[in-house]
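The lines below spell out each chain.
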There are 6 protein chains.
Amino acid sequence: MKKNNELRKIQIVRNFTKHAAGSVLIKWGDTWVLCTASVEDKVPPFLRDTGRGWITAEYSMLPSSTGGGRKDRDIKKLKMDARSSEIQRLIGRSLRAAVDMAKLGERQIIIDCDVLQADGGTRCASITGGMIALEIAIKKLIKAGVLKENPIIHRVAAVSVGVCDGKATLDLDYQHDSTAEVDLNVIMTDDGRFVELQGCAEHKPFIDKHLNEMLKLAKAGLKKIFEITAR
Amino acid sequence: MKKNNELRKIQIVRNFTKHAAGSVLIKWGDTWVLCTASVEDKVPPFLRDTGRGWITAEYSMLPSSTGGGRKDRDIKKLKMDARSSEIQRLIGRSLRAAVDMAKLGERQIIIDCDVLQADGGTRCASITGGMIALEIAIKKLIKAGVLKENPIIHRVAAVSVGVCDGKATLDLDYQHDSTAEVDLNVIMTDDGRFVELQGCAEHKPFIDKHLNEMLKLAKAGLKKIFEITAR
Amino acid sequence: MKKNNELRKIQIVRNFTKHAAGSVLIKWGDTWVLCTASVEDKVPPFLRDTGRGWITAEYSMLPSSTGGGRKDRDIKKLKMDARSSEIQRLIGRSLRAAVDMAKLGERQIIIDCDVLQADGGTRCASITGGMIALEIAIKKLIKAGVLKENPIIHRVAAVSVGVCDGKATLDLDYQHDSTAEVDLNVIMTDDGRFVELQGCAEHKPFIDKHLNEMLKLAKAGLKKIFEITAR
Amino acid sequence: MKKNNELRKIQIVRNFTKHAAGSVLIKWGDTWVLCTASVEDKVPPFLRDTGRGWITAEYSMLPSSTGGGRKDRDIKKLKMDARSSEIQRLIGRSLRAAVDMAKLGERQIIIDCDVLQADGGTRCASITGGMIALEIAIKKLIKAGVLKENPIIHRVAAVSVGVCDGKATLDLDYQHDSTAEVDLNVIMTDDGRFVELQGCAEHKPFIDKHLNEMLKLAKAGLKKIFEITAR
Amino acid sequence: MKKNNELRKIQIVRNFTKHAAGSVLIKWGDTWVLCTASVEDKVPPFLRDTGRGWITAEYSMLPSSTGGGRKDRDIKKLKMDARSSEIQRLIGRSLRAAVDMAKLGERQIIIDCDVLQADGGTRCASITGGMIALEIAIKKLIKAGVLKENPIIHRVAAVSVGVCDGKATLDLDYQHDSTAEVDLNVIMTDDGRFVELQGCAEHKPFIDKHLNEMLKLAKAGLKKIFEITAR
Amino acid sequence: MKKNNELRKIQIVRNFTKHAAGSVLIKWGDTWVLCTASVEDKVPPFLRDTGRGWITAEYSMLPSSTGGGRKDRDIKKLKMDARSSEIQRLIGRSLRAAVDMAKLGERQIIIDCDVLQADGGTRCASITGGMIALEIAIKKLIKAGVLKENPIIHRVAAVSVGVCDGKATLDLDYQHDSTAEVDLNVIMTDDGRFVELQGCAEHKPFIDKHLNEMLKLAKAGLKKIFEITAR
């Protein structure tokens, strides 16, 4: 059993599939997410003729990816799953923070995060894996001469922390996550600044002390994650 | 012009409309939200026959509520607005944290937050106003003998803080919000614990110092808000 | 209790909200409708390059606006409520009858009628309140020099009449409406001509005599309504 | 060319198709509507266990039924056509007025009105043809011993009248309809009472004199229609 | 009762309705399908500026067209019926095989196949009837000088064959179809080549011998069908 | 380059993911499909209380799975992709042919086929991989004592054949498929009988000789495939 300040094993399979500009299978413990980056020449209407680009993300779980029963596809209910919608907005905001949109130029990169197998922490795996897929796609754009300059300002990654049985704990798997009193997702840059903080204590409100302990664990964890994901 | 540690004027109109079990018009500066609480005897499928209740929220902006042009209704696009979806999940989680579901019993309370006029901070106004609507509805259930015991554990309220021109600032209105480097929504209980933290720095990642300053301002602001909303 | 030839109390709150070009809260007894007018520079496809404008309306009830239980939002079922659809077509046709589309020029005015509280007669309140919101918006366009000439030909207003216990009755509230044998909505111009007549006797077909009595009451009622809504 | 007090030729093909309980092809000039009646044992939720029945209608135009270009199917836009929605509510209300729901018992009859070819007056043809399909279906229920007593109280039929070039005119075809100043649909019982009146003067408000002339023409027209549709 | 190598009676009513460019009612035993061809000047995006045209098909069953209970309209469920979707793709592919798209020029012909009454073999009736509607529409385009040359390469038609009680059988009606071990739809050109083969043996896989017998019957049947549909 | 009677390399990764009852990653050349089998205790309404089970399939392509540009998710358009709908019906019918529904008992097995990477032949890979996932799931049900007897009657598999440059060719990859004159999908049992035949010659109708050559190649190919997929 892993200790409260340990990460699960993280494995990065670059170029997993062949059609997308960037493709990464991230295996984070038993959580597997296929993260791909696709480049399009058109941008959302509010950016047309501004010379600026955009990063957006889509997140989805395969029907068979979860324990506790098959998950219906969104199209069956004709509704985007609300949790997925919340998560993909988070992924999009986090990855946009990594890029200088003026340097990216008037193009859009779509990060698709498809969960093949879920065991807790899928949003953090998606952000972390999506960052790598984004880097691969951007390297190709630079190599092809489409981009003159690297638009990536800093790298971002994410990790979850929580409070389990009163004790701050790093990197919650599904079993921990579902019983944790607090669940805090921390998204940071590789120079140690916060991009997003999303903490939720539906079952038991938390205090400053726990917040500080969790943030400390998250920073240490992210330091290791940036080492793993760097080349 | 208000100072960086000041709140906008907050006005609570209880029993604004007559049909809902609880109805509150909260006027928070120029942000007006109609918050109502409706009680239903049925609960979501996963709670049937558990004896436990549920609180859920719906959030919507009237088409004419925003500056910068009319907002299409969701039904026109057949899609729930993704931002609304994210916000109503936050409202629901925050208010569920206020209630002991076993004491509520097998019934559901739906908090509808309809924004009549928006000027920044609609999600915080919704949580704060929704809490009061919820209290009114629960008082009626107690008075009617439906509930034996008050299921409310503590009250919750929300406020936004941000960093504007490098300075931590309390209670952002639309003009501040759209230019802030960081936007942090803090949801707390009336005994000073955190329920949710949602911080986003899409444009400029932030550092510990700013986080601490923002949290300090939020706590002071929430103290005043709890005084305003209590009777 | 009001007499069969009396109107309920009608109150007009002009400029209720600040973002829309025209905004009116009409309180007609316990029926409250927020009517706003938004101006857009684009027109529906069939009017492009004709130099002619368009008026359209959208009608919706807030979930908590009705007695007898909360009403689900349309987006939940992914279907426009059929009754709302019928009503907003009526509002649109009625208000278009008030305006010279050539003088309006190639722009569209959208009248949003959002029912905050319902107690019968919401469609008549929407038409009557919508007309005032439309006038406010048009005055602004004239003042801003966008329109040279006032495109309003005449003002329109609406009132419901019915037959209750065999007796023609003016201005049905919810209790009357739901028990009336006949329900006739009369929309007229301020010079006494008919714009729309919508009479429905699902439960008891009616005779000429009743039609004539109802029309007489409606005309007298509308005369008073035009006095109330004029400035 | 037909005179202003004449009806177009009306032809009733009973039992046009074989699967529905009642099936009628009504050819009203060049307007052809296939009206069928289907009997179901279940009723809408609000009628369960009341012993009362229900009549409802659905109206749709085939894509190739209209002049002036093919009409997209509703399913392509995922939206019920708003005009169709308004019309089918009118058909349903009109036909419900013909039936004693207690005598019908706890079953529902669905009247499908599918326009094969449109040339004005499709809603009136639908009501008139739908009434006959309903009668055929009910006769079968009586013959089969399902119904003891005939639940039909009176027959209903519909005709349109209008004002064309200042002159009241009976039974508008498409060419007349699209240029008429007023368009009034009159639905009556066979004993001369009104079931619905739907008059619309979007382009030119009308006066009492025209209303009276139109109603007179409609009554005379409906008398002939009841003769044509009776057996 | 018809023999295993006999066709049901097929009747072609050309120019059944008046608005579409081509309109055919095909009565194939008790299966009646209204097939119409509508010409549009726009083509799907992937063909713009290629000078090439397109043929597409839509298939739908009227709610009252089937035995065994009324069929809900697609719009009620907000979902295209999956069987209809599969069938209309087959009709579209089959009819596209009949036409030289370069000669058709940059326009689209939509074939609407609306089943008025179903008794087995609706997809074959749709293809066969749709071909005739297509021919009528194209003749009009040639007559109007829009097309210089006839783009039709060959005519296509369709018939179903199956294995019933171990015996290959031509032209299955509903009763046969629902009990057949195999159901094979054969679409051919009038010079005896295959356009589509769709065989399905969900209940009992079949052998070469049966395939050969079925194909032989289908060829003989299609020869007769081409005689019936030719003028 | 592979010969016209050769198969691409087929690789079967059993138990690829952990939550589904059966999980197979089939790599067929560069076509990769994740096929999973999920068991549910409920059956579709028409099978309730019959003691019989059901097999159904869902097919979807990940947005990044195709060459030639990213594919939008179905939920974005609120419409099931029509090609996917056609394919999943084919997979479902093919796999149902493999199972004795009475022996399966009143439960449903859902086969999810999610294409991770597409290079032609995804429907054949889905049927072939889906069969293996189905077998794994059924073995578990037998092992767990839920099933007394093996409900699998025979195994099924699928392969595509076509005519390329006038020559019958086995196992078309994307490049072949998109230029083939004919595309025939052959689904057979392991004892050499046909389950489905789906041949399409949109661009060039084909003759008996080609049909026979294609069927011969398909049979030989399927023989090898059954060897590869058996254990």
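Calculation notes
Starting afresh in each chain, residues are numbered from 1 along the sequence in its written order. Lettering of chains starts at A and numbering of ligands starts at 1, both following the order in which they are written. Given that the model is predicted, a residue must reach a pLDDT of at least 70 before its local features are reported, and side-chain atom pairs must reach 80 or more before they are shown or counted; all residues, however, enter totals for whole chains, interfaces and linings. The basis for every side-chain value is the complete set of heavy atoms in the structure, and neither hydrogens nor water enter the calculation. To qualify as a helix, a DSSP run of H or I must reach at least 4 residues; to qualify as a strand, a run of E must reach at least 2; elements of each kind are numbered from the N terminus. Computation of the radius of gyration draws on C-alpha atoms, with the globule rule given as 2.2 Å multiplied by the number of residues to the power 0.38. A 1.4 Å probe rolled over the protein chains alone gives each residue an accessible area, and that area as a share of the maximum for its type sets the label: buried under 20%, exposed over 50%, partly exposed in between. Only heavy atoms enter the contact rule, under which two residues are in contact if any of them lie within 4.5 Å. Where accessible areas are quoted, they stem from the Shrake-Rupley method and a 1.4 Å probe; at the residue level, only the protein chains shown are allowed to cover. Here the positive residues are Lys and Arg and the negative ones are Asp and Glu; neither His nor the chain ends is included. A charge is said to be at NZ when it belongs to Lys, at CZ for Arg, at CG for Asp and at CD for Glu. The pairing test for Phe, Tyr and Trp rings, Trp by its six-membered ring, is centres within 6.5 Å, and the orientation test on the planes gives stacked under 30 degrees, edge-to-face over 60, and tilted for anything in between. Placement of a positive charge over a ring is assigned whenever Lys NZ or Arg CZ falls within 6 Å of the ring centre and within 35 degrees of the normal to the ring plane. Axis definition: a line fitted to C-alpha atoms, over the contacting stretch in the case of helices. Angles run 0 to 180 degrees between N-to-C directions. Relative orientations are named as follows: roughly parallel for angles under 35 degrees, roughly antiparallel for angles over 145 degrees, roughly perpendicular for angles from 65 to 115 degrees, and oblique for any other angle. Left-handed describes a crossing whose near helix is turned anticlockwise from the far helix through less than a right angle; right-handed describes the clockwise counterpart. Under the convention adopted here, Pro, Cys and the residues Ala, Val, Leu, Ile, Met, Phe, Trp and Tyr are nonpolar, Asp, Glu, Lys and Arg are charged, and Gly plus all remaining residues are polar. Reported buried area values correspond to the accessible surface (1.4 Å probe) lost by two parts on association, with both partners' losses combined. Counted as salt bridges are all cases of a side-chain nitrogen of Lys or Arg within 4 Å of a carboxyl oxygen of Asp or Glu. By the criterion applied in these results, polar contacts are pairs of N or O atoms within 3.5 Å in which, for protein atoms, one can donate a hydrogen and the other can accept it, and in which residues neighboring in sequence qualify only through two side-chain atoms. By definition here, a helix of n residues has an expected span of 1.5 Å times n minus one. Only strands joined by at least two bridges in the DSSP assignment are considered to pair. C-alpha atoms of residues with pLDDT of at least 70 in both copies form the basis for the least-squares superposition of the copies. Like-charged residues are merged into a patch within 9 Å and nonpolar side chains (Val, Leu, Ile, Met, Phe, Trp, Tyr) within 5 Å, provided each residue has over 30% relative accessible area and no salt bridge. Per-residue confidence from the predictor is given as pLDDT, running between 0 and 100.

Asker: Please give an account of the overall build of chain A that cites residues and values.
Answerer: Looking only at helices and strands, one finds six helices and nine strands in chain A. In summary, chain A has a C-alpha radius of gyration of 18 Å against a globular reference of 17 Å for 231 residues, a match within 12%. When the backbone C-alpha atoms are referred to their principal axes, chain A occupies close to 55 × 45 × 30 Å. Counting only residues that meet the buried cut, chain A has 63% of its 231 residues in that class. Taking the contacts inside chain A whose residues are at least 6 apart along the sequence as the reference set, 69% of them involve residues at least 24 apart. Summing over all exposed atoms, chain A offers an accessible surface of approximately 9200 Å²; the carbon and sulfur share of this is 49%. Computing the positive centroid from 37 side-chain charges and the negative centroid from 30, chain A places the two 4 Å apart.

Asker: Tell me about the packing of aromatic side chains, residues and numbers included.
Answerer: This structure, assessed with the given rule, holds 18 aromatic pairs over all chains. Relative to Trp54(F), the ring of Phe46(F) lies with its centre 5.2 Å away and its plane at 90 degrees, an arrangement referred to as edge-to-face. Above the plane of the ring of Trp32(B) lies Lys27(B), whose end atom (NZ or CZ) is 4.3 Å from the centre.

Asker: Which residues make up the packing of helix α2 (residues 82–96) of chain F against helix α4 (residues 122–143) of chain F, and what values do they have?
Answerer: All names here are of chain F. Axis separation between α2 and α4 bottoms out at 10 Å; the angle between their running directions is 40 degrees. Taken together, the axes of α2 and α4 are oblique relative to one another. As for the relative orientation of α2 and α4, their crossing is right-handed in sense. Residues Arg83, Ile87, Leu90, Ile91, Ser94 and Leu95 of α2 lie in contact with α4, whose contacting residues are Thr122, Arg123, Ser126, Ile127, Gly130, Met131 and Leu134. Split into classes, the residues belonging to the contact of α2 with α4 amount to seven nonpolar, four polar and two charged.

Asker: Tell me about the interface of chain C and chain B, and name the residues and values.
Answerer: Facing 35 residues of chain C, the contacting portion of chain B comprises 35 residues. Surface buried jointly by chain C and chain B totals about 2800 Å² across both partners, of which 56% is contributed by carbon and sulfur atoms. Summed over the shared surface of chain C and chain B, the result is twelve salt bridges. Salt-bridge contacts for Arg70(C) lead to Asp112(B); the nearest nitrogen and oxygen are separated by 2.6 Å. Remark: the boundary between chain C and chain B carries 20 residue pairs in polar contact (both at pLDDT 80 or more). Those elements giving two or more residues to the side of chain C that touches chain B turn out to be β3 (31–40), β4 (54–61), α1 (74–77) and β5 (108–117) of chain C.

Asker: Let's hear about helix α2 (residues 82–96) of chain E: which residues, and what values?
Answerer: Residue and element names in this part refer to chain E. Look at α2: 21 Å from first C-alpha to last across 15 residues, which is about the 21 Å you get at 1.5 Å a residue. Where burial is concerned, most of α2 is hidden: twelve out of the 15 residues are buried. N-capping of α2 is provided by aspartate 81, with a side-chain oxygen placed 3.3 Å from the backbone N of arginine 83.

Asker: Give me the pairing of strand β5 (residues 108–117) of chain D: which residues, what numbers.
Answerer: Residue and element names in this part refer to chain D. By the criterion of burial, β5 is predominantly enclosed, with ten of the ten residues buried. Where strand β3 (residues 31–40) meets β5, nine bridges bridge the pair, whose relative direction is antiparallel. Bridge pairing in β5 links glutamate 40 to glutamine 108. Bridge count between strand β4 (residues 54–61) and β5: eight bridges; the pairing is parallel. Across the sheet, serine 60 pairs through a bridge with aspartate 114, a residue of β5.

Asker: Can you tell me about the sheet that holds strand β6 (residues 156–164) of chain E, naming the residues and giving the values?
Answerer: A sheet is described by the order of its strands in space; here eight strands give the open sequence β7(E)-β6(E)-β8(E)-β9(E)-β9(F)-β8(F)-β6(F)-β7(F), paired in antiparallel fashion. Of all strands in the sheet, those bounded by a partner on one side alone are β7 (167–170) of chain E together with β7 (167–170) of chain F. Taken pair by pair, the neighbouring strands of this sheet meet at an average axis angle of 20 degrees, ignoring direction. One ladder, built from six bridges, connects strand β8 (residues 182–189) of chain E with strand β9 (residues 194–200) of chain E; its direction is antiparallel. Paired with Val186(E) across the two strands is Leu197(E), which belongs to β9(E). Across the sheet, helix α6 (residues 208–229) of chain E is in contact with β6, β7, β8 and β9 of chain E together with β9 (194–200) of chain F; its angle to β6(E) comes to roughly 140 degrees. Most of the contacts of α2(F) go to β9(F), to which it runs at about 155 degrees, and overall it touches β9 of chain E together with β6 (156–164), β8 (182–189) and β9 of chain F.

Asker: So what's going on with the relation of the copies chain C and chain B? Residues and values would help.
Answerer: By a simple turn and slide, chain C fits onto chain B: the slide is 0.0 Å along the axis, the RMSD is 0.0 Å, and the turn is 180 degrees. The superposition of one copy onto the other is thereby described by a two-fold rotation axis.

Asker: Would you mind going over the interface of chain E and chain F in detail, with residue names and values included?
Answerer: In many analyses, interface size is given as the accessible surface area lost on bringing the parts together. Taken together, the contacts link 28 residues of chain E with 28 residues of chain F. Two residues, Glu86(E) and Arg89(F), come together in a salt bridge whose shortest N-O distance is 2.7 Å. Counting the contacts that link chain E with chain F gives twelve residue pairs in polar contact (both at pLDDT 80 or more). Contributions of two or more residues to the side of chain E that touches chain F are made by α2, β9 and α6 of chain E. Taken together, the residues of the side of chain E that touches chain F break down into 13 nonpolar, five polar and ten charged. When β9(E) meets β9(F), the two strands line up antiparallel, connected through five bridges. Along β9(F), the bridge assignment pairs Leu197(E) with Gly199(F).

Asker: Which residues make up the pattern of salt bridges, and what are the values?
Answerer: For the coordinates displayed, the defined rule picks out 108 salt bridges over all chains. The shortest N-O distance in the salt bridge between Arg73(E) and Asp112(D) comes to 2.7 Å. Of the two residues, Arg73(E) is situated in the loop between β4 (54–61) and α1 (74–77) and Asp112(D) in strand β5; the pairing between them involves two chains. With respect to class, Arg73(E) is no different from Asp112(D); both count as buried. Several salt bridges converge on common partners, so that one network encompasses Glu58(A), Asp112(A), Asp114(A), Arg70(F), Asp72(F) and Arg73(F).

Asker: Requested: an account of a positive patch on the surface, with residues and values cited.
Answerer: On the surface, Lys76(B), Lys77(B), Lys42(C) and Lys79(D) cluster together into a positively charged patch. Mapped onto the secondary structure, Lys42(C) falls in the loop between β3 and β4. We classify Lys42(C) as exposed; its relative accessible area is 58%.

Asker: Hey, could you go over the confidence of the model for chain A for me, with residue numbers and the actual values?
Answerer: With 100% of its residues at a pLDDT of at least 70, chain A reaches an overall mean of 96. Confidence estimates for the predicted assembly give a pTM of 0.96 and an ipTM of 0.96.

Asker: Could you give an account of the sheet that holds strand β1 (residues 10–14) of chain E, naming the residues involved and the relevant values?
Answerer: All names here are of chain E. With respect to topology, five strands assemble into an open sheet ordered β1-β2-β3-β5-β4, the strand pairing being mixed. Looking along the sheet, the strands with just one partner apiece sit at the ends: β1 and β4. This sheet shows a mean twist of 20 degrees between the axes of neighbouring strands, independent of strand direction. α2 rests against β4 and β5 (108–117) of the sheet, and its axis sits at about 145 degrees to β4. Of the strands in this sheet, β1, β2 (22–28), β3 (31–40), β4 and β5 touch helix α4 (residues 122–143), which is tilted by about 35 degrees from β3.

Asker: How would you sum up the pairing of strand β7 (residues 167–170) of chain C? Please name residues and give values.
Answerer: Residue and element names in this part refer to chain C. Taken together, the four bridges between strand β6 (residues 156–164) and β7 define a ladder with antiparallel strand orientation. Across the sheet, valine 161 pairs through a bridge with leucine 170, a residue of β7. Between β6 and β7, which pair antiparallel and follow one another directly, the connecting turn spans two residues, one of which, aspartate 165, has a positive phi of 50 degrees.

Asker: I'd like a description of unusual backbone geometry, backed by residues and values.
Answerer: Residue and element names in this part refer to chain E. Not every positive phi belongs to a glycine, and aspartate 165 is a case in point at roughly 50 degrees. Examined against the element boundaries, aspartate 165 turns out to sit in the loop between β6 and β7. Residue class for aspartate 165 comes out exposed when judged on its relative accessible area of 79%.

Asker: I'd love a proper account of the side chain of Asp173(E), names of residues and values included.
Answerer: Of note, Asp173(E) is situated in the loop between β7 and α5 (174–179). A distance of 3.0 Å separates a polar side-chain atom of Asp173(E) from the backbone nitrogen of His176(E).

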